[in-house]
Amino acid sequence: QVQLVESGGGLVQPGGSLRLSCVASGRTFSGSAMGWFRQAPGKEREFVLSISSTGTKTGYADSVKGRFTISRDNAKNTLYLQMNSLKPEDTAMYYCAATSRRLNFTPFFGDYDYWGQGTQVTVSS
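What comes next is a walk through the structure. Every chain is numbered independently, its residues counted from 1 as its sequence is written. At least 70 in pLDDT is required for a residue's local features to be given in this predicted model, at least 80 for side-chain atom pairs to be given and counted, and no such filter applies to totals for whole chains, interfaces and linings, which use all residues. Side-chain measures here rest on the full set of heavy atoms in the structure, leaving out hydrogens and waters.

Observations regarding the side chain of Ser50
Let me state the cut-off plainly: Secondary structure elements follow DSSP: runs of H or I no shorter than four residues count as helices, runs of E no shorter than two count as strands, and numbering proceeds from the N terminus. By the criterion applied in these results, polar contacts are pairs of N or O atoms within 3.5 Å in which, for protein atoms, one can donate a hydrogen and the other can accept it, and in which residues neighboring in sequence qualify only through two side-chain atoms. Note on definitions: a residue-residue contact is assigned when non-hydrogen atoms from the two residues lie within 4.5 Å.
Mapped onto the secondary structure, Ser50 falls in strand β5 (residues 46–51). Side chain to side chain, Ser50 and Tyr112 meet in a polar contact 2.9 Å long. Here Ser50 is in contact with Met34, Gly35, Lys57, Thr58, Gly59, Ile70, Phe105, Thr106 and Tyr112, once residues within four sequence places are set aside.

Examining the nonpolar core
Convention followed: Nonpolar cores were defined as sets of buried Ala, Val, Leu, Ile, Met, Phe, Trp, Tyr and Cys residues, with membership established by side-chain atoms within 4.5 Å. Burial status follows relative accessibility: with a 1.4 Å probe on protein chains alone, a residue under 20% of its type maximum counts as buried, one over 50% as exposed, and anything between as partly exposed.
Judged by nonpolar contacts, the single largest core of 33 residues is most densely connected at Leu4, Trp36, Phe68, Leu79, Met83 and Tyr94. Here this core gets 5 residues from one element, more than from any other, and that element is strand β9 (residues 92–99).

Here we look at the pairing of β5
Defined as follows: Strand pairing is defined by DSSP finding a minimum of two bridges between the two strands.
Of all 6 residues in β5, 5 are buried, a share of seventy percent or more. Pairing of strand β4 (residues 33–39) with β5 involves 5 bridges; the strand directions are antiparallel. Bridge pairing in β5 links Arg38 to Glu46. In textbook terms, the turn of a hairpin is the stretch between consecutive antiparallel strands, and for β4 and β5 this stretch comprises 6 residues, one of which, Gly42, has a positive phi near 80 degrees. As paired elements, β5 and strand β6 (residues 58–60) share 3 bridges and run antiparallel to each other. Each residue of the ladder has a partner; that of Ile51, found in β6, is Thr58.

Quick look at the sheet that holds strand β1 (residues 2–7)
Our working definition: Note on method: axes are straight lines fitted to C-alpha atoms, helices fitted across the in-contact stretch only, with angles between N-to-C directions ranging 0 to 180 degrees.
Reading across the sheet, the 4 strands line up as β1-β3-β8-β7 and stay open at both edges, with antiparallel pairing between neighbours. With one partner strand each, in any of the chains shown, β1 and β7 (68–73) form the two edges of the open sheet. On average, each strand axis in the sheet is inclined to that of its neighbour by 15 degrees, with strand direction left out of account. Here 6 bridges tie strand β3 (residues 18–26) to strand β8 (residues 78–83), and the two strands are oriented antiparallel to one another. When the bridges of β8 are listed, Leu18 appears paired with Met83.

What follows is the structure, given as structure tokens:
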């Protein structure tokens, strides 16, 4: 089992930045690819970014490429999401996810076994 707890969400103005964190406990964090997904009201949960178990490979959704960065610190069992140049359309609940079946990054919802409770990000002036 893996427990995931996100933090760092909040209200930010358009063009601003936020950094989300996800602390993992339970089974070996370094043996799992990780990802961030988001879900806006009335919409399906969508892939945002993913990172391999070693942190050397990443995958991004086109909508966030060049603005968001994913990273991980396996010594601290922590996953990060740095969000810059935020737009109102980035407003959503952001979820951290882990897969026990993939070492490389993956954008597919069904590949992930464990999910956090989410942290709300609101981009508004």
